[in-house]
Amino acid sequence: MSLMCAWSPTSWQEKPALQQPVYPDPSELKAVLAQLSHLPPLVSSWEIEALKQQLAEAAAGKRFLLQGGDCAENFAECESDNIAAKLKILLQMSLVLVHGTHKRIIRVGRFAGQYAKPRSENTETRDGVTLPTYRGDVINDIAFTEASRIPDPQRLLRGYERAALTINFIRALIDGGFADLHHPEYWNLDFIELSPKAEEFQEIVNSIGESLRFMEVLAGQRVEEMGRVDFYSSHEGLLLPYEQAQTRQVPRREGWYNLSTHFPWIGLRTAEVDGAHVEYFKGIVNPIGLKIGVETSDEQLGKLLDVLHPDDEPGRLTLIHRYGAHDIASNLPRHQKVVQASGKTVLWCCDPMHGNTERTKSGIKTRKFEHILAELEQAFEIHNTSGTYMGGVHVELTGEDVTECTGGARGLSDEDLKDAYKTQVDPRLNYEQSLELAMLIAKRVGAMSGD
Ligand code: PEP
Ligand code: CO
């Protein structure tokens, strides 16, 4: 192998890198990266290996992955209520999913580093003024002024610090047992009676409550004292200098770990086989996600499996498919064939959000709950028919009562979107819609397994 081909945390710099900001002062970026590469890691190699093991079990049909969180975190929302609410909804969804799937759930948040966004346009024009586009808080500021939109290397440090604060609080909440959140009495279930499936939903809730009480009686202690629930972190590995600076070797283990997160993923727009992102991801030993969609050709997927998953290592690769409700039926089967032909094992995970983004008549970005559900339903159906295991869902959600996606039991309309539309990028499911979706998945999987 020539030296040119040797992988290192910086070898991506030899390849074309899409979606990267251009920093006005490269020497400032260099100084920031030097600092960042000496700061302590946010996660540990043993946590990463534990997650990889669990993902391997999910790929083998024994576990189910729930990955969710904001489309983009932002620095201002790094505050306690917001983080606790996100953890609460993910935990409650996972309890509902345990109930439906009878499988252990792997909980992965899109948090503690989800600060960089791929954009379809490099510029944004308002009232005749054109400025560079907003790329996420780790890169520039959303305010529409020239100064705000200049990429600022100091933001890498601010992003690392916010990620550290977030993960620190999450670890503390989990260690504290997260107390009452396990119990349906503390859930906000007002939406249930608005649903035509009210009775079935109520049954799920009752039965979760009974199971928890039953376990507590058997064990003689409260559920939260019985052992820790695990939460793992994930983000799109988009801003390569940030990822590079936290890619390290650790004592007594082989390989390079990205220690900024447990589970980084490659976005749809940066998955060129010869591009910088794939170059970076091929050399790290973390479990990784790869987004695939209508745009992903069979040839590209075949090559990506070779490059990113050469040894068929259990748990290494999760394919997160995001086609849209109208396109999944004509695209998932061709991708399944490519994977089958490779002879490799992957974890299949459905992202029913990103292929279903649309605009209302007045131009607001939204998603319809019924389309999200329809894509998920088809994903379960197609995998079931072809004998592959649909082992996870990837959703954009928040624990707050926002109005960004339409539909759900409360029947949010285009008109309602203005009430609490807060996202800076993609529309998220709110607390109720997220719980409802989990209940519908639980019912679906339960029905499939004949329960
Ligand atoms: C995302 O997950 O927010 C995203 C941009 O997804 P994709 O790469 O699938 O478009
Ligand atoms: Co998104």
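See the structure above.
This write-up is about the structure you can find in this document. (Residues numbered from 1 in each chain as written. Chains lettered and ligands numbered in written order. Predicted model: local features only at pLDDT ≥ 70, side-chain atom pairs only at ≥ 80, totals over all residues. Heavy atoms only, no water.)

Some thoughts on the overall build of the protein
Part 1: For the protein, the count of helices and strands is 11 helices and 14 strands.
Part 2: Expected size for 451 residues packed as a compact globule is a radius of gyration near 22 Å; at 21 Å, the protein falls within 12% of this value.
Part 3: Across its three principal axes, the protein shows a C-alpha extent of roughly 60 × 55 × 45 Å.
Part 4: Among the 451 residues that make up the protein, the fraction classed as buried is 56%.
Part 5: Contacts in the protein between residues at least 24 apart in sequence constitute 77% of all its contacts with a sequence separation of at least 6.
Part 6: Surface accessibility of the protein: about 19000 Å² in total, with carbon and sulfur atoms responsible for 51%.
Part 7: If you average the places of the 47 positive and of the 64 negative side-chain charges in the protein, the two averages end up 3 Å apart. (Helix = DSSP H or I, 4+ residues; strand = E, 2+ residues; numbered from the N terminus. Rg over C-alpha atoms; globule rule 2.2 N^0.38 Å. Buried < 20%, exposed > 50% of the residue type's maximum accessible area, 1.4 Å probe, protein only. Contact = heavy atoms within 4.5 Å. Areas by Shrake-Rupley, 256 points an atom, 1.4 Å probe, with all protein chains shown as cover. Lys, Arg positive; Asp, Glu negative; His and termini not counted. Charge placed at Lys NZ, Arg CZ, Asp CG, Glu CD.)

Here we look at the state of the cysteines
Part 1: Applying the stated criterion across every chain yields a total of zero disulfides.
Part 2: In this structure Cys349 is a free cysteine whose sulfur lies 7.2 Å from that of Cys350, the closest cysteine sulfur available. (Disulfide = S-S within 2.5 Å.)

Considering the pairing of strand β2 (residues 104-110)
Part 1: With six of its seven residues buried, β2 lies for the most part within the structure.
Part 2: Relative to β2, strand β1 (residues 63-69) runs parallel, the two being bridged by seven bridges. Across the sheet, Leu66 pairs through a bridge with Arg107, a residue of β2.
Part 3: Inspection of the sheet shows β2 paired to strand β5 (residues 232-236) by two bridges, in the parallel sense. Bridged to Val108 within β5 is Tyr232. (Pairing = 2+ DSSP bridges.)

Here we look at the coordination of the cobalt ion (ligand 2)
Part 1: Distances from the cobalt ion (ligand 2) to its protein donors, namely Cys71 (SG), His354 (NE2), Glu396 (OE) and Asp426 (OD), fall within the range 2.1 to 2.4 Å.
Part 2: Read in sequence order, the donor residues coordinating the cobalt ion (ligand 2) give the pattern C-x282-H-x41-E-x29-D. Taken as a pair, His354 in the loop between β11 (347-350) and β12 (357-359) and Glu396 in strand β14 (residues 390-396) lie far apart in primary sequence, 42 residues in all. (Donors = N, O, S within 2.8 Å, 3.2 Å for Na, K, Ca; no water.)

Considerations on the pairing of strand β3 (residues 123-126)
Part 1: With four bridges connecting them, β3 and strand β4 (residues 129-132) associate as antiparallel partners. Among the inter-strand pairings, Thr125 is bridged to a residue of β4, identified as Thr130.
Part 2: Linking two consecutive strands that pair antiparallel, namely β3 and β4, is a turn of two residues; a positive phi of about 45° is found at Asp127 within it.

Observations regarding the pattern of salt bridges
Part 1: Considering all chains together, one arrives at 26 salt bridges under this definition.
Part 2: Among the ionic pairs, Lys282 bridges to Glu279, the shortest N-O distance being 2.9 Å. A residue pair is termed a helical-turn pair when its members lie 3 or 4 positions apart in one helix, as Lys282 and Glu279 do in helix α7 (residues 276-283) at three residues.
Part 3: The class of Lys282 is partly exposed, set by a relative accessible area of 35%.
Part 4: Close ionic contact of Glu396 with Arg367 constitutes a salt bridge, the shortest N to O distance being 2.9 Å. Of this pair, Glu396 sits in strand β14 while Arg367 sits in strand β13 (residues 365-367); the two residues are 29 residues apart in sequence, bridging distant segments of the chain.
Part 5: A residue is classified by how much of its surface remains accessible, and Glu396, at 0% relative accessible area, is buried.
Part 6: Connected through salt bridges with shared partners, the residues Arg110, Lys365, Arg367, Glu396 and Asp426 form a single ionic network. (Salt bridge = Lys/Arg side-chain N within 4 Å of Asp/Glu carboxyl O.)

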